[in-house]
Number of protein chains: 2
Amino acid sequence: MRLVALKAPVTDKPRADDFAVINADRPACPDGGVVARVLFISLDPYVGSRLRGRHMGEPAPAPLDEAIPGAIVGEVVESRTPAIKEGDAVHSMNGGWAEFVALGEADCRRLDRALAPLSAHLGVLGMPGLTAWAGVSQLAKIEDGETFLVDAAAGAVGGSAGQIARNLGAGTVVGVAGGPEKCGLVEREYGFDRCVDYKRDGWRDALRDAVGDPAAGGGVDAFFENVSADMATTALLNAKPCVRGVLCGLVANYHDADQAQHPLNAGLLIGKRAQLFGLVVYDFYPRWDEYVAEAAAWLRDGRLTIVEDRAEGLDAAPALFEKLMDGRNIGKCVVALDPDA
Amino acid sequence: MRLVALKAPVTDKPRADDFAVINADRPACPDGGVVARVLFISLDPYVGSRLRGRHMGEPAPAPLDEAIPGAIVGEVVESRTPAIKEGDAVHSMNGGWAEFVALGEADCRRLDRALAPLSAHLGVLGMPGLTAWAGVSQLAKIEDGETFLVDAAAGAVGGSAGQIARNLGAGTVVGVAGGPEKCGLVEREYGFDRCVDYKRDGWRDALRDAVGDPAAGGGVDAFFENVSADMATTALLNAKPCVRGVLCGLVANYHDADQAQHPLNAGLLIGKRAQLFGLVVYDFYPRWDEYVAEAAAWLRDGRLTIVEDRAEGLDAAPALFEKLMDGRNIGKCVVALDPDA
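Residues numbered from 1 in each chain as written. Chains lettered and ligands numbered in written order. Predicted model: local features only at pLDDT ≥ 70, side-chain atom pairs only at ≥ 80, totals over all residues. Heavy atoms only, no water.

Some points on the interface of chain B and chain A
Each partner contributes to the interface: chain B provides 27 residues, whereas chain A provides 27 residues. Note on chain B versus chain A: buried area summed over both sides is about 2,100 Å², and carbon and sulfur give 60% of it. Summed over the three residues of chain B that lose the most area to chain A, namely Asn265, Ile270 and Arg273 of chain B, the buried surface amounts to 27% of that side. A salt bridge links Asp283 of chain A to Arg273 of chain B; the nearest nitrogen and oxygen atoms lie 2.8 Å apart. Seen at the junction of chain B and chain A, the total is six residue pairs in polar contact (both at pLDDT 80 or more). Put simply, the parts of the chain that give the side of chain B that touches chain A at least two residues each are strand S13 (263–265), helix H7 (266–271) and strand S14 (275–278) of chain B. (Contact = heavy atoms within 4.5 Å. Buried area = accessible area lost by both parts, 1.4 Å probe. Salt bridge = Lys/Arg side-chain N within 4 Å of Asp/Glu carboxyl O. Polar contact = N/O pair within 3.5 Å; in protein donor to acceptor, adjacent residues only side chain to side chain. Helix = DSSP H or I, 4+ residues; strand = E, 2+ residues; numbered from the N terminus.)

Here you go:
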């Protein structure tokens, strides 16, 4: 079989040229596990940090040896557990950029093919969607009529967060994204009330217009931070008293030097009576099925939209990943290995 | 009558010499208000910021004109409201360093003289106690058996926070304070399990010993921050996952230059799944009577201890305030104007 590995260790933001497609043995089926033929590979921003050994203490992959780690949806071709049958569709966070992966039973969630297109389990029903749901519904606890702000709003997490906030009662949903194409997508496809383009002059004034001036009784009730401490500070400066903020990601800084600081001003937090919640989606994996049940209904009635930036074939993965690292992707990055799946 | 005013505007940490005791007219009784003879004046750290016009947007007092602002307990000598009678004991946050103060009815809380010594309404039953209660019980929501950490533990807020945490079920209560005298007070009088002296070499190791190593299943469940973003970072580094932290004060930085930053690392907040709560006690003034009812029972059965650093007479206020500004006070700073009260 074929897989994608690093040519050499990376110390900076990975580029397409850092990867090689190589041949490898198809993995053996572990006791109590399965081998799955990979149908879809998820490309996610955290993988950029992980390739440098800097994500949540997890090991970096060995160059020239191992498939790049990542979430996958696959079809089981061999099983040594009674819980999963050949032909079952499964999702795993512990897959990789390869044609076949070996998975323990505990690493798989079986998927209902009738519920949604299988690749949706990497996006709005997958880890990005679960992340958004956890932050919006379990931490920020959005309430009816509130004003919700999220950045990286065209991304898989940000786009889901705004739609979920709306579905759970938010009155005004505002996004921040870079460039007219992304902002257009967020407003048209995701149905945000407004998406502010941070690459335009005067965007801070536009943001204040969109959320309302806190000095005049307006402002953000809850925000979801994906980008940087600077952006979180912007949210706080536009916030109502007692704002709730979810700190989810610091994408702008994933490739900083070691020991990077992402400073939030404690004085501003006190003055705003802010409540901040650090979010790590791992903590919510036990509730994945609960989320999927809720979100599948939204998908069916059109209140959650799938937008993918899709590449076909393993060879196309490195270039799409470079696009993701540069923030040039539009929607959830998925590599499809089987055009018929 | 006599009052204490600033000699000139202050731009740095106020010293005793910055104040003068001057004669002034006794204030007239406002419609719907009272005049109170001041029995006790509360000296609080926030007044240092307020004197420089830098506290929560409130105006600085005019030099040579107005009494230094502050909380007081007084006895009503004249009333033009049916809700308050001559002879009533009242507390007000809007008093001042003066022998008599004029107060609107809405600025007073009537006190029950049988409940506790009157000066306690400036300390454990006063704004510092209410602040501690709000953070521990309403924001951090301490639970049975948890490990609680608070700094400035010998101060009026910190000492109350640790005792209240214990009363509400905390299993281990750890303080941080400066010097052996303060640490001894915290352990002996306030009954903390341990108070770590941050002026000693190796105090960070001592703190980790006291709260337990997070890598070995120990660590802080909830903390109450009074001092600085640096100390909050220390708490976070010694915290269990999902730690709750109250951001209450930044005493170490009250006298910084304008635009001072108090940086908390957003990456650390995410990694720890921290929940942070900015606390401004004003928001809890409507619940003061509820707090006093709960805390008076603790006072009666000895589970809340009154420790005062007391000065006698208006002339002694400036020196005690300097001591407070330098952090040399032990317990709640109170100026007693009537030795028989």
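Observations regarding the side chain of Glu146 of chain A
Residues and elements named next belong to chain A. Assignment of secondary structure puts Glu146 in the loop between helix H2 (127–139) and strand S8 (147–151). Given a relative accessible area of 10%, Glu146 falls into the buried group. Dropping the residues within four chain positions of it, Glu146 is found in contact with Lys141, Gly169, Ala170, Gly171, Thr172, Asp221 and Arg244. (Buried < 20%, exposed > 50% of the residue type's maximum accessible area, 1.4 Å probe, protein only.)

A few points about the environment of Glu294 of chain B
All names here are of chain B. In this fold, Glu294 is placed in helix H8 (residues 288–300). Separated by 169 residues in the primary sequence, Glu294 and Leu125 place their C-alpha atoms 9.6 Å from one another. Beyond its immediate sequence surroundings of up to four residues, Glu294 is in contact with Trp133 and Leu168.

Remarks on helix H3 (residues 156–167) of chain B
Residues and elements named next belong to chain B. Relative to the 16 Å expected for 12 residues at 1.5 Å per residue, H3 spans 16 Å between its end C-alpha atoms, a close match to the ideal helical length. Counting buried positions along H3 yields 10 of 12 residues, so the element is predominantly enclosed. Buried within H3 we find Val157, Gly158, Gly159, Ser160, Ala161, Gly162, Gln163, Ile164, Ala165 and Asn167. Buried residues along H3 sit against helix H2 (127–139), strand S8 (147–151), strand S9 (172–177), strand S11 (220–225) and H8. Just past H3, the residue Gly169 takes up positive phi, approximately 120°. (Expected span 1.5 Å × (residues − 1).)

A word on the packing of H2 of chain A against helix H3 (residues 156–167) of chain A
All names here are of chain A. Interaxial distance between H2 and H3 falls to 8 Å at its minimum, and their mutual angle equals 45°. For the element pair H2 / H3, the angle class is oblique. By crossing handedness, the relation of H2 to H3 is classed as right-handed. On the side of H2, the interface is formed by Pro128, Gly129, Thr131, Ala132, Trp133 and Val136, while H3 contributes Ala156, Val157, Ser160, Ala161, Ile164 and Ala165. For the contact of H2 with H3, the per-class residue count stands at nine nonpolar, three polar and no charged. (Axes fitted to C-alpha atoms, helices over the stretch in contact; angles between N-to-C directions. Parallel < 35°, antiparallel > 145°, perpendicular 65-115°, else oblique. Left-handed = near helix turned anticlockwise from the far one by under 90°. Nonpolar A, V, L, I, M, F, W, Y, C, P; charged D, E, K, R; others polar.)

Remarks on the environment of Ala89 of chain A
All names here are of chain A. Relative to the assigned elements, Ala89 resides in strand S5 (residues 89–96). Judged by relative accessible area, Ala89 falls into the buried class, the value being 3%. Ala89 sits 150 residues away from Ala239 along the chain, and the two C-alpha atoms are 44 Å apart. Excluding residues that lie within four positions of it along the chain, Ala89 makes contacts with Gly74, Arg109, Arg110, Leu111, Arg113 and Leu118.

Comments concerning the sheet that holds strand S9 (residues 172–177) of chain A
Across the sheet, which stays open at both edges, the 12 strands sit in the order S10(A)-S9(A)-S8(A)-S11(A)-S12(A)-S14(A)-S14(B)-S12(B)-S11(B)-S8(B)-S9(B)-S10(B) with mixed pairing between neighbours. A single partner strand is all that each edge strand has here, and the edge strands are strand S10 (194–197) of chain A together with strand S10 (194–197) of chain B. On average, each strand axis in the sheet is inclined to that of its neighbour by 15°, with strand direction left out of account. By the bridge criterion, four bridges tie S9 of chain B to S10 of chain B in an arrangement that is parallel. What sits directly across from Ala177 of chain B, in S10 of chain B, is Asp197 of chain B. Lying over the sheet, H3 of chain B contacts S8, S9 and S11 of chain B, oriented at roughly 170° with respect to S8 of chain B. (Pairing = 2+ DSSP bridges.)

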